[in-house]
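# Structural overview
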Amino acid sequence: GQQVMQIPQYQHVQEGEDFTTYCNSSTTLSNIQWYKQRPGGHPVFLIQLVKSGEVKKQKRLTFQFGEAKKNSSLHITATQTTDVGTYFCAGHHNAGNMLTFGGGTRLMVKP
Amino acid sequence: DAGITQSPRHKVTETGTPVTLRCHQTENHRYMYWYRQDPGHGLRLIHYSYGVKDTDKGEVSDGYSVSRSKTEDFLLTLESATSSQTSVYFCAISAAGSNQPQHFGDGTRLSIL
């Protein structure tokens, strides 16, 4: 079946350090979405990327969609303790109405 | 947050019993989804609905059934619960399919003993 792989599974950083999570699909995606889930909470939509090579920024967060539309990344500059949580990518393949979620990257920030 | 209510929030039951989880939305969104979340597996789609009485299977549909008799309600049923179905279940809604953001409920923590 269609898969979306996400690495790393866990990341510990010192507050102020940068953080990146990577997402790879076995097939071309029509779009990719990113979600954040705080500990004990539910996933919350962050952003959607649609175009090949697209880059979008939200304050300290930078999202990229690869040229081949098979990979994506989320980069956080100068992490803060409020960034703690699990970040999920979710890819929409061309057929159907389903999102395929990556396994998530759990970010822990040491103050 | 979008108006999504999941009930119950927590449930403990025994193997072999039937279980029904409810998702109620006040957003009049067309699409509704049921996911399960397990450590190391992220979110996996069980079933989804694209309208009243219109449903389709997801990635992990075996052992689960769904019904949507009204726009606002999407029910997930485990006909005969097994321990492998112990999980956190999330309902999500979206206005128009997978090219739109999904908004999640608070989840139901289900334990099958």
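Report on the accompanying structure. (Residues numbered from 1 in each chain as written. Chains lettered and ligands numbered in written order. Predicted model: local features only at pLDDT ≥ 70, side-chain atom pairs only at ≥ 80, totals over all residues. Heavy atoms only, no water.)

### Concerning the overall build of chain B
The criterion, for reference: Elements are defined by DSSP. Helices are runs of H or I of four residues or more, strands are runs of E of two residues or more, and each kind is numbered from the N terminus. Radius of gyration means the value over C-alpha atoms here, while the globule rule gives 2.2 Å times the residue count to the 0.38 power. By definition in these notes, contact holds between two residues if any of their heavy atoms fall within 4.5 Å. Exposure was quantified through the Shrake-Rupley algorithm and a 1.4 Å probe, taking into account, for residues, occlusion by the shown protein chains and nothing else. Counting rule for charge: Lys and Arg are taken as positive, Asp and Glu as negative, and neither His nor the chain ends is counted. By convention, charge coordinates are those of NZ in Lys, CZ in Arg, CG in Asp, or CD in Glu.
Counting its secondary structure elements, chain B contains zero helices and eleven strands. Along chain B, helices and strands appear, N-terminal first, in the series β-β-β-β-β-β-β-β-β-β-β. Here chain B has a C-alpha radius of gyration of 13 Å; the compact-globule value for 113 residues is 13 Å, and the two agree. For chain B, the C-alpha atoms occupy an extent of roughly 35 × 30 × 25 Å along the three principal directions. If you take every contact in chain B between residues at least 6 apart in sequence, the share linking residues at least 24 apart comes to 55%. Of the roughly 5200 Å² of accessible surface on chain B, 45% is carried by carbon and sulfur atoms. The average position of the 11 basic charges and that of the 12 acidic charges among the side chains of chain B differ by 2 Å.

### Brief notes about the pairing of strand β1 (residues 4-7) of chain B
All names here are of chain B. Threshold: Throughout this description, buried means an accessible area under 20% of the type-specific maximum (1.4 Å probe, protein chains only), exposed means over 50%, and partly exposed covers the range between. Think of it this way: DSSP has to see at least two bridges between two strands before they count as a pair.
Here β1 shows a clear split, with Ile4 and Gln6 buried on one side and none of Thr5 and Ser7 buried on the other. Both β1 and strand β3 (residues 19-25) contribute to a ladder of four bridges, which runs antiparallel. For Ile4, the partnering residue across the bridge sits in β3 and is Gln25.

### Digging into the interface of chain B and chain A
The parts lose accessible area when they come together, and the size of an interface is often stated as this lost area. Here is the rule: By buried area we mean how much accessible surface two parts lose on assembly, using a 1.4 Å probe and totalling the loss over both. Under the scheme applied, nonpolar residues are Ala, Val, Leu, Ile, Met, Phe, Trp, Tyr, Cys and Pro; charged residues are Asp, Glu, Lys and Arg; polar residues are all the others, including Gly.
Tallying the contact residues gives 23 residues for chain B and 18 residues for chain A. Both sides together, the interface formed by chain B and chain A hides about 1600 Å², and carbon and sulfur atoms give 56% of it. Summed over the three residues of chain B that lose the most area to chain A, namely Leu43, Ser98 and Phe104 of chain B, the buried surface amounts to 32% of that side. Contributions of two or more residues to the side of chain B that touches chain A are made by β4 (31-38) and β5 (42-51) of chain B. For the side of chain B that touches chain A, the residue count by class is nine nonpolar, eleven polar and three charged.

### Quick look at the state of the cysteines
This is how the line gets drawn: Cysteine sulfur atoms that come within 2.5 Å of each other are treated as a disulfide pair.
The final tally for this structure, using the stated rule, is two disulfides over all chains. Note that Cys23 of chain A is cross-linked by a disulfide to Cys89 of chain A, the S-S spacing being 1.8 Å. Looking down the S-S bond of the Cys23 of chain A and Cys89 of chain A bridge, the torsion is 70 degrees, so its handedness is right-handed. A residue pair is termed long-range when its members are at least 10 positions apart, and Cys23 of chain A in strand β3 (residues 19-25) and Cys89 of chain A in strand β9 (residues 85-93) qualify at 66 residues. Taken individually, Cys23 of chain A and Cys89 of chain A each receive the classification buried, so the pair is uniform in this respect. Here Cys23 of chain B pairs with Cys91 of chain B through a disulfide, and the sulfurs are 1.9 Å apart. Judged by the sign of its S-S torsion, about -70 degrees, the cystine formed by Cys23 of chain B and Cys91 of chain B is left-handed. Of this pair, Cys23 of chain B sits in strand β3 while Cys91 of chain B sits in strand β9 (residues 87-94), placing them 68 residues apart in sequence.

Distances and angles like these do not, on their own, reveal function.
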